[in-house]
Amino acid sequence: MLLALDDARSTAVLAGRGTDAEIFGVIDLSSKAETRIGAISLGRAIQFVANASVLGYDVRSAMVLYGEPRTPSLRVWDCEHLWAQYGGALLQPAERSAD
């Protein structure tokens, strides 16, 4: 069962989907070595973690770090929930508001 994120956090993640993110705790199953993935957008980081098992990675211990230092990290269940809920919208550029 996926854990639900609160609406405010989901909205904040969706709004910040283009911000820089780093992924820690990813194990490449072919080499059995930890792989750090950085300099990726938050939306793409969520997509990667949510789909990593079919790509040959173990992400049970993965954390997605983004935003300000006190922003809570996203874990694999958060990424799976966000990807299932928003899918491709996480990969689209954020709409800019008219000034």
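Quantities reported herein were computed from a predicted structural model and do not represent experimental measurements.

Basis of the calculations
Residues numbered from 1 in each chain as written. Predicted model: local features only at pLDDT ≥ 70, side-chain atom pairs only at ≥ 80, totals over all residues. Heavy atoms only, no water. Core = buried A, V, L, I, M, F, W, Y, C linked by side-chain atoms within 4.5 Å. Buried < 20%, exposed > 50% of the residue type's maximum accessible area, 1.4 Å probe, protein only. Helix = DSSP H or I, 4+ residues; strand = E, 2+ residues; numbered from the N terminus. Contact = heavy atoms within 4.5 Å. Salt bridge = Lys/Arg side-chain N within 4 Å of Asp/Glu carboxyl O. Axes fitted to C-alpha atoms, helices over the stretch in contact; angles between N-to-C directions. Parallel < 35°, antiparallel > 145°, perpendicular 65-115°, else oblique. Nonpolar A, V, L, I, M, F, W, Y, C, P; charged D, E, K, R; others polar.

Brief notes about the nonpolar core
In step 1: By size, the foremost hydrophobic cluster in this structure holds 23 residues, and its most contacted members are Ile 23, Leu 42, Ile 46, Val 49, Val 64 and Leu 74.
In step 2: Elements with a minimum of two residues in this core: strand S1 (20–28), strand S2 (33–41), helix H2 (42–51), strand S4 (63–66) and helix H3 (76–86).
In step 3: The greatest single-element share of this core, amounting to six residues, is contributed by H2.
In step 4: Ignoring anything within four residues of it in the chain, the contact list for Leu 42 reads Val 13, Gly 16, Arg 17, Thr 19, Ala 21, Val 64, Tyr 66 and Leu 74.

Focus: the pattern of salt bridges
In step 1: Counting across every chain of the model gives two salt bridges.
In step 2: A salt bridge links Glu 22 to Arg 36, with the nearest nitrogen and oxygen atoms 2.2 Å apart. Here the residue Glu 22 occupies a position in strand S1, and Arg 36 occupies one in strand S2, the gap between them amounting to 14 residues.
In step 3: Relative accessible area serves as the criterion here: at 27%, Glu 22 is assigned to the partly exposed category.
In step 4: Residue Asp 58 pairs with Arg 60 through a salt bridge whose shortest N-O separation is 2.5 Å.

A look at the packing of helix H1 (residues 7–15) against H3
In step 1: Interaxial distance between H1 and H3 falls to 12 Å at its minimum, and their mutual angle equals 75°. With respect to each other, H1 and H3 are oriented roughly perpendicular. Contacts between H1 and H3 involve Arg 9, Ser 10, Val 13 and Leu 14 from the former and Asp 78, Leu 82, Gln 85 and Tyr 86 from the latter.
In step 2: Taken together, the residues of the contact of H1 with H3 break down into four nonpolar, two polar and two charged.

Some points on the environment of Ser 53
In step 1: Tracing the sequence through the fold places Ser 53 in the loop between H2 and strand S3 (57–58).
In step 2: The class for Ser 53 is exposed, based on a relative accessible area of 59%.
In step 3: Taking the C-alpha atoms as reference points, Ser 53 and Leu 29, separated by 24 residues in sequence, lie 9.3 Å from one another.

Notes on H3
Residue pairs spaced three or four apart in an α-helix point in one direction, given the helix's 3.6 residues per turn.
In step 1: Listed in full, the buried residues belonging to H3 are Val 76, Asp 78, Cys 79, His 81, Leu 82 and Trp 83.
In step 2: Looking at the buried positions of H3, the neighbouring elements they touch are H1, H2, S4 and strand S5 (74–75).
In step 3: One or two steps after H3, the chain reaches Gly 87, where phi turns positive at roughly 45°.

What to know about unusual backbone geometry
In step 1: Even without a glycine there, the phi angle at Lys 32 is positive, about 60°.
In step 2: Structurally, the position occupied by Lys 32 is in the loop between S1 and S2.
In step 3: A residue is classified by how much of its surface remains accessible, and Lys 32, at 64% relative accessible area, is exposed.

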